[in-house]
Amino acid sequence: MTLSDPSVPTIATLQLAYRRGDADPLEVIERLLERIEHEPGSEAWILRREPQALLAEAEAACRRLRADPTVLERQPLLGIPFAVKDNIDVAGLPTSAACPAFARSTDRDATVVSRLIDAGAILVGKTNLDQFATGLTGTRSPHGAVGNPFDTTRMSGGSSSGSAAATARGWVAFALGTDTAGSGRVPAGACNLVGLKPTPGLISTSGVLPACRSLDCVSVFAHTVADAWTVLGVMAGPDVNDAWQKPVAMLPTAGQTVRVGIPQTPDFADDALAARAWDEALRIVQEQPGVVLESFDLAPFTKVAELLYDGPWVAERRAALGEFFHQHGDTMDPAVRAVIARADSLSAADAFRGQYRLSELRRSCHDVMASFDALLVPTAPTLWSHDEIDADPIGRNSVLGTYTNFVNLLDMAALALPGPFRADGLPAGVTLLGAAGADWRLAELGRRWQGPLHRRLGLGNLPPPGVSEPLPMLPHSQPPVTVAVVGAHLSGQPLNHQLTERGATLLERANTAPTYRLFELPGTEPRKPGLVQVALGGAAITVELWSMPASAYGSFVAGIPAPLGIGTLSLADGRQVQGFLCEALAARTACDITAHGSWPAYLQSLTAATPQ
């Protein structure tokens, strides 16, 4: 098998190897099974599937690849190994949430698992977690505390500890976690991974054991932003079985100037090494083109965070366990039981008071978010040792949620990114935050920044790939709008970025109906043409058709200066699309360039006419 860094199998690396024939799924699974058997860190797993079943699925994937090399277009995760946190249902396997007395079998996959398997992914097993997804340390499990792959005496982060550790060790290409208070981000920061936490409601949680059902999200651990986005795209889509899922309109990506909010006085729990790593991350981010860093007051967000465990939302954790808490509470981890037991002192009036308080704070927090394209915070203040956590399990855990506990209460999206390593060789992550629907915007920023920020893939030694192509819009999002462009927004022209930064993709080149004339507008910068529909003497003009997300269309139209505007264009084949038109009055003093048939042809004629 020839892979660029076989110790860390990324989705993109495996896909490329499969396409080239440098490796096949059977080789990959055989090697991973051998590594899992002989490498340290077995506490990351609660259970693994039988090797014979994995090898049979890998052989089937090989057959599909041999029979049809284009199968990866339909099954983008074919032959890709993954793991899921053991609070997510897998048909035929028990779901225990790290509490053996609670374990129950299911004959149905969670929706997200079903979609990943349909896309060809191979499930290796179910991973360890802080019991009932209650904790951020990765130590609250009868299966053992999950050691940090970079230093096993340190925390791996929780509650999705096993998923993060298995991915960082390269045993799987990606893994699913869940995130209510930071469980999909803190482990990513601790284990040098990307942790993608979608806007609440974007991804189905059907088949996921609730922690706080109104806040829970399925999260993704991966080595690159593009890999995480690929997985999210496979899982996306409506699910009639999930009453909590909701339509989420994607916000446009940030423009050429990116305003990023950073905490005025970040808290690192007296960890000087974490503070220095944060300063280095800020230096790197500030060097990126167009980035402007401005401080904001974290205080209103901190007040929201206090509601999660000190307010009525802890009662949701109690509700999720039902009678099990009363009947089998003595089988639970003591710290988890103590946290959930707080719910018994809360009343219905407390629940309403909590909602009122959240509404009051939400306005202040949203005002802050509206001032920026994104917020950037440390993923966690520090990385405690297991001994430090044992000395104060609840207090230390609370500190870890400083930058995470408020996010789902405010309906926000988040993307954890690996940052520069600490001086002691431990990972130190940063997290991008945005309002509901900012998932794509954050992923695009992460894609641009991961090269300079992210120094190595997991426990491997290779750096992540550089800037890749823009990430595609999520499938099943709002229907796109087809926009015809004729001048400075064409491919290779100076304003084309206004399309690509909004996630628009080129569909085709086409001709208008023969009822238009094209003019060069005087005094414009950059140079622009104007397309005018006429009753007589028109001609067909070549245009480009771009597909733009509906959520980004309004901001695009709002930025078009007079005398240009958007109207309905008729194409030569009879279709009608939205496209650039010019006020007829402005064309009276403009140069008619219709005879050239297109704006690029006219520009080329000017170049040809210039003496060499």
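**Points about the sheet that holds strand 15 (residues 429-434)**
- Read across the sheet, 11 strands follow the order 1-5-2-8-10-9-14-15-13-11-12 without closing on themselves; strand pairing throughout is mixed. Only two strands of the sheet have a single partner each, and these edge strands are strand 1 (45-48) and strand 12 (291-296). Each adjacent strand pair in this sheet contributes to an overall mean axis angle of 25°, direction not counted.
- As judged from the 3 bridges shared by strand 9 (residues 194-197) and strand 10 (residues 217-222), these two strands associate in the antiparallel manner. In the sheet register, Leu-196 faces strand 10, and the bridge partner there is Val-220.

**Things to note about helix 1 (residues 11-20)**
- Buried residues of helix 1: Ile-11, Leu-14, Gln-15, Ala-17 and Tyr-18, and no others. Projected down its long axis, helix 1 carries its buried residues within an arc of 165°, all on one side.
- If you follow the buried residues of helix 1, they end up packed against helix 2 (25-38), helix 3 (51-67), helix 4 (71-74), strand 2 (81-85), strand 8 (174-179) and helix 8 (225-235).
- Of the residues flanking the end of helix 1, it is Gly-21, one or two places downstream, whose phi is positive at about 80°.

**A look at the sheet that holds strand 21 (residues 564-570)**
- The strand order across the open sheet formed by 5 strands is 17-20-16-22-21, and the pairing between neighbours is mixed. In this open sheet, the two strands that pair with only one neighbour each are strand 17 (505-511) and strand 21. Strand-to-strand twist in this sheet, taken as the mean axis angle between neighbours without regard to direction, amounts to 35°.
- Examined bridge by bridge, strand 16 (residues 481-485) and strand 20 (residues 542-548) share 5 bridges and lie antiparallel to one another.

**A closer look at the nonpolar core**
- Counting residues in hydrophobic clusters, the biggest one holds 76 residues, and the most contacted among them are Leu-77, Val-112, Leu-116, Phe-174, Leu-176, Met-235 and Leu-376.
- With 7 residues, helix 8 is the single largest residue contributor to this core.
- Look past the residues within four positions of Phe-174 in its chain and what remains in contact with it is Ile-11, Leu-77, Ile-80, Pro-81, Phe-82, Ala-83, Leu-116, Ala-121, Thr-167, Phe-221, Ala-222 and Val-231.
- Counting 36 residues, the second largest nonpolar core, distinct from the first, contains Phe-519, Val-543, Leu-545 and Ile-593.

**Things to note about the pattern of salt bridges**
- Considering all chains together, one arrives at 28 salt bridges under this definition.
- One salt bridge connects Arg-422 with Asp-424, and the closest N-O pair in it is separated by 2.9 Å.
- Assessed through its relative accessible area of 34%, Asp-424 is described here as partly exposed.
- With its nearest N and O atoms 2.8 Å apart, the salt bridge here joins Arg-575 to Asp-573.
- Residues participating in the shared-partner salt-bridge network are Asp-151, Arg-154, Asp-271, Arg-422 and Asp-424.

**Focus: the packing of aromatic side chains**
- For the structure on display, the rule yields 12 aromatic pairs.
- Ring centres 6.0 Å apart and planes at 65° place the aromatic pair Phe-132 and Phe-324 in the edge-to-face group. Placement of Phe-132 in the loop between strand 5 (122-127) and strand 6 (147-148) and of Phe-324 in helix 12 (residues 324-328) is noted, with a sequence separation of 192 residues between them. Taken as a pair, Phe-132 and Phe-324 share a single burial class, namely buried.
- With a centroid separation of 6.4 Å and 40° between ring planes, the pair formed by Phe-352 and Tyr-356 is classed as tilted. Separated by 4 residues within a single helix, Phe-352 and Tyr-356 lie in helix 14 (residues 348-370), roughly one turn from each other. This pair shows no difference in class: Phe-352 is exposed, exactly as Tyr-356 is.
- Three or more aromatic residues joined by ring pairs form one cluster here, namely Phe-296, Phe-301, Phe-372 and Phe-406.

So, how was this worked out
- Residues numbered from 1 in each chain as written.
- Predicted model: local features only at pLDDT ≥ 70, side-chain atom pairs only at ≥ 80, totals over all residues.
- Heavy atoms only, no water.
- Pairing = 2+ DSSP bridges.
- Helix = DSSP H or I, 4+ residues; strand = E, 2+ residues; numbered from the N terminus.
- Axes fitted to C-alpha atoms, helices over the stretch in contact; angles between N-to-C directions.
- Buried < 20%, exposed > 50% of the residue type's maximum accessible area, 1.4 Å probe, protein only.
- Arc of directions from axis to C-beta.
- Contact = heavy atoms within 4.5 Å.
- Core = buried A, V, L, I, M, F, W, Y, C linked by side-chain atoms within 4.5 Å.
- Salt bridge = Lys/Arg side-chain N within 4 Å of Asp/Glu carboxyl O.
- Phe/Tyr/Trp six-rings, centres within 6.5 Å; stacked < 30°, edge-to-face > 60°.

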